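The lines below spell out each chain.
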Amino acid sequence: MTPIIEARNITKRFPGVLANDDVSFTLNKGEILAFLGENGAGKSTLMNILYGLYSSDEGEVKVRGNSVDIQGPSDAIELGIGMVHQHFQLVPVFTVAENIVMGTEPTQFPFSWFAFGLSSGIVALLSFLGAMIGLNNVGQWLLAALAGGGIVAGSYLLFYLLGRISSQKAGVYIPVISAIGITGGVVSALSQGMPGQIPLYIILSILFAAASYPALRVLATALDRHTAARRIRELSEQYGLVVDPKALIEDIPVGIQQRVEILKTLYREADILILDEPTAVLTPQETEELFEIIQTLVDRGKSIIFITHKLKEIMSFADRVVVLRDGRVVGETTPEESSRGELAEMMVGREVSLVVDKEPAEAKEVVLEVEGISAEDDRQQTVLRDVSLSVRYGEVLGVAGVQGNGQTELVEVLTGLRTATAGRFHILDQEMTNASPRRITELGVAHVPEDRQRVGLVLPSPVFDNLLLNTYYKPPFAKRAMLQFDEIHAYAHRLVEEFDVRPPNEELLVESLSGGNQQKVIVAREFSRPIKLLIAAQPTRGLDVGSIEYIHRRLIEKRDEGTAVLLVSVELDEIMALSDRIAVMYEGEIVATVDADKVTRRELGLLMAGSSLDTLKEA
Amino acid sequence: MTAQAQSIDIPKATELSRKDLVIAVLFLILGGLILVLGGFGTQPGERAIFTDQILGDLFSLASRSTLYTIGSMSILIGGLRLIRALDSLKSVLTWGGIFLMVFGFLVWITSGTKLNITGMVQSMLTAATPLTLGALAGILCERAGIINIAIEGMMLSGAFAAVAFAGIFNNLWLGLLCASLVGGLMAAVHAVLSIKYKVDQIISGTVINILAAGATRFLNLRLLEPSGLSAPGQLGAIRIPLLADIPIIGPILFENSPTVFIMLILVVVINYVVFFTPWGLRMRACGEHPRAADTVGVHVNLMRYVSVTLGGLIAGIGGAYFSLDVVGAFEDNMTRGQGFVALAAMIFGNWSPVGGFLAALLFGFADAIQVKMQILRPILPFLNVYIPHEFLQTAPYILTIIVVAGVVGRSRPPAEEGKPYEKQ
Amino acid sequence: MTEEKQGLGLFKSRIAAWPSWAKLVSVAALLGVIVLVSKWLILLLLVALGLWPILVLLGLGILGVVSTRHGGWPWMKEWLGTKLKPLVLPALAVLAALILGGFVIMLTDNAAYQAIGAGQVGKGIGLAFKNLVRAYVALYQGALGSPARILSAIFRGAIGGEGLKPIMGAVRGPSDSLVQSVPYIFAGLAVALGFRSGLFNIGAEGQIGVGWLVSVIVGFSFPSLPGIILLPMAIIAGALAAGIWGALAGLLKAETGAHEVITTIMFNYISFRLSEWILCGPLENVQGTCRTKDVVPAAYLPKFLDHPVTMHWGFILALLAAAATAWLLFKTTWGYEMRTVGTNPDAARYGGMNVSRTYVLAMFLSGLLAGLAGVSQGLGLTHNIALGFSAGYGFDAIALALLGKSNPVGVVGASILFGVLRAGAARMQSLAGIPTEIVQIVQSLVIVFIAAPAIIKAVYRLKDDGDESRQTVFSRGWGS
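Residues numbered from 1 in each chain as written. Chains lettered and ligands numbered in written order. Predicted model: local features only at pLDDT ≥ 70, side-chain atom pairs only at ≥ 80, totals over all residues. Heavy atoms only, no water.

### Some points on the state of the cysteines
Moving on, step 1. Counted according to the given criterion, the structure contains 1 disulfide over all chains.
Moving on, step 2. A sulfur-sulfur distance of 2.1 Å marks the disulfide that ties Cys 280 of chain C to Cys 290 of chain C. Since a negative S-S torsion denotes a left-handed disulfide, the Cys 280 of chain C-Cys 290 of chain C link at about 115° is right-handed. One end of the pair, Cys 280 of chain C, is in helix H12 (residues 260-280); the other, Cys 290 of chain C, is in the loop between H12 and helix H13 (314-331), and 10 residues separate them in sequence.
Moving on, step 3. Classification of Cys 280 of chain C as partly exposed rests on a relative accessible area of 31%.
Moving on, step 4. A residue is classified by how much of its surface remains accessible, and Cys 290 of chain C, at 14% relative accessible area, is buried.
Moving on, step 5. Unpaired in terms of disulfides, Cys 141 of chain B finds its nearest cysteine sulfur in Cys 286 of chain B, a separation of 13 Å. (Disulfide = S-S within 2.5 Å. Helix = DSSP H or I, 4+ residues; strand = E, 2+ residues; numbered from the N terminus. Buried < 20%, exposed > 50% of the residue type's maximum accessible area, 1.4 Å probe, protein only.)

### Remarks on the domain arrangement of chain B
All names here are of chain B.
Moving on, step 1. For chain B, the domain assignment lists domain 1 (15-117) and domain 2 (127-357).
Moving on, step 2. For domain 1 versus domain 2, the distance between C-alpha centres works out to 35 Å.
Moving on, step 3. Counting residues at the interface gives 6 residues for domain 1, matched by 5 residues for domain 2.
Moving on, step 4. Buried area between domain 1 and domain 2, both sides added, is near 360 Å², and the carbon and sulfur share of it is 81%.
Moving on, step 5. Of all residues in domain 1, Asp 52, Ile 54 and Leu 55 bury the most surface against domain 2, accounting for 64% of the area lost on that side.
Moving on, step 6. Where domain 1 meets domain 2, there are 0 salt bridges.
Moving on, step 7. Summed over the shared surface of domain 1 and domain 2, the result is 0 residue pairs in polar contact (both at pLDDT 80 or more).
Moving on, step 8. Classifying every residue of the side of domain 1 that touches domain 2 by side-chain character gives 4 nonpolar, 1 polar and 1 charged. (Domains from an automatic or database assignment. Contact = heavy atoms within 4.5 Å. Buried area = accessible area lost by both parts, 1.4 Å probe. Salt bridge = Lys/Arg side-chain N within 4 Å of Asp/Glu carboxyl O. Polar contact = N/O pair within 3.5 Å; in protein donor to acceptor, adjacent residues only side chain to side chain. Nonpolar A, V, L, I, M, F, W, Y, C, P; charged D, E, K, R; others polar.)

### Some remarks on the interface of chain B and chain C
How big an interface is tends to be stated in terms of accessible area lost as the parts join.
Moving on, step 1. Taken residue by residue, the interface counts 50 residues in chain B and 49 residues in chain C.
Moving on, step 2. Surface buried jointly by chain B and chain C totals about 4400 Å² across both partners, of which 75% is contributed by carbon and sulfur atoms.
Moving on, step 3. Looking only at chain B, the three residues that lose the most surface to chain C are Ile 210, Phe 218 and Arg 222 of chain B, adding up to 16% of its buried area.
Moving on, step 4. On inspection of chain B and its partner chain C, the count reaches 2 salt bridges.
Moving on, step 5. Among the salt bridges present, the one from Glu 437 of chain C reaches Arg 217 of chain B, with a minimum N-O distance of 3.0 Å.
Moving on, step 6. Counting every contact that joins chain B to chain C gives 5 residue pairs in polar contact (both at pLDDT 80 or more).
Moving on, step 7. Elements that contribute at least two residues to the side of chain B that touches chain C include exactly helix H7 (201-227), helix H13 (338-348), helix H15 (389-393) and helix H16 (395-404) of chain B.
Moving on, step 8. At 17 residues, H7 of chain B tops the list of elements feeding residues into the side of chain B that touches chain C.
Moving on, step 9. Here the side of chain B that touches chain C is composed, by residue class, of 31 nonpolar, 10 polar and 9 charged.

### Quick look at the packing of aromatic side chains
Moving on, step 1. Following the criterion strictly, the structure yields 27 aromatic pairs over all chains and no others.
Moving on, step 2. Pairwise contacts between aromatic rings join Phe 340 and Tyr 397 of chain B together with Tyr 269 and Phe 272 of chain C into one cluster.
Moving on, step 3. Taking the ring centre of Tyr 550 of chain A as reference, the NZ or CZ of Lys 520 of chain A above it sits at 5.1 Å.
Moving on, step 4. Over the face of the ring belonging to Tyr 393 of chain C we find Arg 422 of chain C, whose NZ or CZ atom lies 4.5 Å from the ring centre. (Phe/Tyr/Trp six-rings, centres within 6.5 Å; stacked < 30°, edge-to-face > 60°. Lys NZ or Arg CZ within 6 Å of the ring centre and 35° of its normal.)

### With respect to the nonpolar core
Moving on, step 1. Counting 309 residues, the largest nonpolar core has Leu 555 and Ile 582 of chain A together with Met 311, Ile 438 and Phe 449 of chain C as its most contacted members.
Moving on, step 2. Among the elements that line this core, the one with the most residues is helix H9 (residues 172-196) of chain C, at 13 residues.
Moving on, step 3. Phe 449 of chain C has contacts with Ala 93, Ala 96, Ala 97, Leu 100, Ile 455 and Ile 456 of chain C, leaving out every residue within four places of it along the chain.
Moving on, step 4. With 35 residues, the next largest nonpolar core counts Ile 32, Phe 88, Leu 241 and Ile 249 of chain A among its residues. (Core = buried A, V, L, I, M, F, W, Y, C linked by side-chain atoms within 4.5 Å.)

### Re the sheet that holds strand E6 (residues 81-84) of chain A
Residues and elements named next belong to chain A.
Moving on, step 1. Judged by pairing direction, the sheet is mixed, and its 6 strands sit side by side in the order E6-E9-E10-E3-E11-E12 without closing on themselves. Two strands bound the open sheet, and with one partner strand each, they are E6 and strand E12 (328-333). Strand-to-strand twist in this sheet, taken as the mean axis angle between neighbours without regard to direction, amounts to 20°.
Moving on, step 2. When strand E11 (residues 320-325) meets E12, the two strands line up antiparallel, connected through 5 bridges. By the bridge assignment, Val 323 is partnered in E12 with Gly 331. (Pairing = 2+ DSSP bridges. Axes fitted to C-alpha atoms, helices over the stretch in contact; angles between N-to-C directions.)

Encoded structure:
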């Protein structure tokens, strides 16, 4: 049996990076093929090549045995390849239906006798009534009605006619219309006795025909929302993917958005589905549902490529696994022939211990005390509801939760970047509710922000500028508003050495550093001040394993020095490895706060999906 | 229509939002001012008479009592807003109040004389024409994700091209066509700079504006004036027989210059295209989430090129309005910043063609009333001076600032506007 | 090089060790000396500007001599390369723009078309080319004078005993250029400061008008005050008024998020309309002129030399403003805040900076600088303000800031270049009949080439070395 997809020797280079190096694989019909690899191993690049978003530098792809050249997504769609991207490709302000049909919309001709009669009738009536006020006799009134209605009806019919003609090929439409125009032009030019105008009329006629064709093609095809909704409902029933076609994307939860993405591919009749890290934004329970959906899809003859860096998922349902590292295929196996440890080793290239060595915490007095904080997001939706928590000296409080459950806003409120609409919080017994970021920083609070490039760094500035972002105004760096460059450079030089930022040059622009080194710059800045409380949001997102270990070690060091640490992360492993206590957030609320050593992964997963602690105990 | 349904403020039960406070205070102050105008700016027994050129006097109002009524109603609306009563009717009350106050102002300036209200509406529509065309141009660009502050430049070059080519071909209609084409050409330059070369779109727009101002003046002095082509004459009004005889709506809707008709047709057509066709859906997707559009096979940059150029074609017609409709000749810098006001109309209208048209009507009204005031010259109470008409000329600009500051209405621009799309 | 630097450093540290009163006294003494000999310094500057080709050759000669000690041509090439690298792109951009401008002039040559129309194509093209050369020669001479005439004037002055008079006539071109560059420097600094703070101040034009108007009003309202009080008062009043006018836009952005591009444009038009009213109404001096009274002579910005050299102290003020702007931006915490807010407002907020306050401050300073452009025109050149004062300086300033990479030194250089173009264009119009608006066309082309270096690199087949520093991003949508 020929494999449905066969990729050979795919190589893709980006400036300075070899993203895919001689990658080959096959996908058989009805199979779930998993791609395993760390962030940056080249999985997404490979898939984007298959989907035509990138073109490969070398190598060839065969689909159903035929060699193909995929130039863009439309080619891929044509070949029956559909992709659910890691970051959903959905327009937030469009409806579900609009998102699904975009690109292959069902259309209708915007003509109905009803609209035709109604609009011309109304205009005729209005003209009649208007004429009654001002004009003298019944004949004039009727004429006005006739004129009004006639104009509407006439233009409607003309449009209909032209639209119909334009539904022929351009090769028919343009010559016909040009010919009509030219004849009319020649006749009128001759009748006016200006034969010199004839070339002009000819040019204008051709111009009009050429320009009106695409215009009419656009005008004569209206979006058929009814058909779209009907087809989507059919598909939903067929595959058990329930969605409301009229809902706006921004109003529905991520789990449903993912269904919309899958429906998008099914609507295009794809039979090869690429799912790029589909579980990253889902709770463990939503993940289960997704797996059921995938199973249904496979049962109906679809083939699935599934990308992940989570071992557990692979073990539970993949048919075959391809492991990528640094852009190369380092192994191919099946879950039955392999173990989690083995796969992990293949993926990372050495033995990994996901455990961080740490002593039990010695909890002391409270540093951060949060009481009933609520806040809104940028769209004025309440996303943080009545959150209370406390962090003590020398402990790590982990905040777990699926992305987008209010963690971002919580951190922003605590660091003064967002106003709280209710509640208050104290740091070191001082009320800091809605205080300025500077006051909070000066109290000894460090903040490793979630979005390091957007919030934490000034990318086009040198490292030394970034190291001063929140201390630039203080002596010894500034004397009466004058920056002291000697001190600044010496300080920056020292930090760059101490925190092992590479390359070790404080004059370099931060944007030229790698992600891990950018994060080191932030850590260097935040950890080198005398701090009492450290708020770290997603401190290791998107970093390589080496950097993750480094950051984890530094965090625990800080804790052991007695700093209070509030760690927000969506990586359950990170939370479990570092925290002393864990607070779980769901839909803007803290559903439970538990001791880290008295809770299992499964329990945390259920909490993250919104179960309360009580139901957990009962179960 | 889906794109506009979002920007609804969720009212908070606990406190008065700052925006509400501003609006309430504005209503209180303006209501008070109208009371003062009624008490001291009018004579007792004076009436304001509104007329129509065919029907004669339409209706007349006792100015003082009308102004008292309107003033107290405005204060009432402001007060209601302040104590958060009738919150569900908030926007209806606000717009009703604004309408009343504008009408009150109209009554005050007419007090003791007559005002041709049909003529007023007509000149309002005429003044709104270039603004609407400019706003449509902006909508096409910005819905596709390209910021367009070059409407002014596109209109100016259109105005020039209209005169130049009307003179060369000795045909005003061809002038109009070429105005449109040259506007499209300028837009294409903007598109190439901002899409291909990824120049910051505001800088690229500024370039178009400077280039248009310089090039039109230069070419006018060097080519048009020496060859005597700079005054080809005006496009006459088109009168639809019979329908134009209908009182009130006839002269307003059916007897207009061609650009006004073009404008009215384009508002309907563009609104339909943007919101009800597949092309419009894809085009809006390019402005909201280009990557999503790309992954379903829409050619984002091609879409943007087409959209921006179409916008330029429309802006060019807006330019021809100035030279062929109003003046019949080219004058330096004759668009006088209307392109920027059009931009504001676009923002005010929430990036929707019909909304932009309504906003343009509002600006057009400010313009029309300013012209009327130069004739009627009402005297301010206490100060005993005329209001200099230049003050009223600033009204559209001040209105624009108020609009972009978000004091009235709230708009939501396309999300990915201003960012070049890079495929990767 | 290194030795030199060490020597300089030693010198610096020695001066730093002085007591502060000594520093003050020595600075004051230095200033006093400069003021005393200013006339001669300026004359020297003008002559140097007029004779720049000779000076460049001389410099190259000296460099050649020095290079023989360091290893000849390779060293010299490297030295020149490192010193001139940042200038290459702007220089090529200006050159390309001038060439394209030349095409525009040739393509719009009526005389040539007439010749071509008459069937003499060769003659027509020749004529167009001849007219272009004539135009550009007029441009050069109007802007920089003719070196031969300056040399002969020096000889006549020194040997012929005719004194300064012939030289004054000969350096009129350079003087006009520098005088024209004064408002450019101020306005360019205004826009550059805005760029650095992430603000696109298109309102410089209106701010110039406000500064101009207010300084003129102060200048004629207090005729009894002595110059030493009146002049600074007029300058400060004009600058402050324009600063506040500009700060309004900053305030709107900070408080409501209204995009400064729209608000500043609107403020422009508001100021134009209001100035129409005030200049043709309450402040009109002679009915029908739409012009104010002249300021009293005590409030004039003093001139350095006699007629026809119009150089006034505004030029020195402009250079001082550039130095102050550079110091503020790069050496102070305020400047650090502005630059950080300009490149990444989110990070600035995170770093505890008050972003709103920075926007207001930046717009205030930007308006203040733009206002000084108007002040220098009002008090230095026209001595009154008339309708139609708007000469497009505010818009040209955008090109200046881009050309100078938002760096005060760069802005001064670019401003002098634009001053040269403008002074030359006036002459070109009177001699060759080419409208001055050609400068506007050239300027917009310069912006295009600077903002899209890919075009220039493609035209000149330069290799892409990828060192384009990122421009500040303005187009983040319309706010609100």
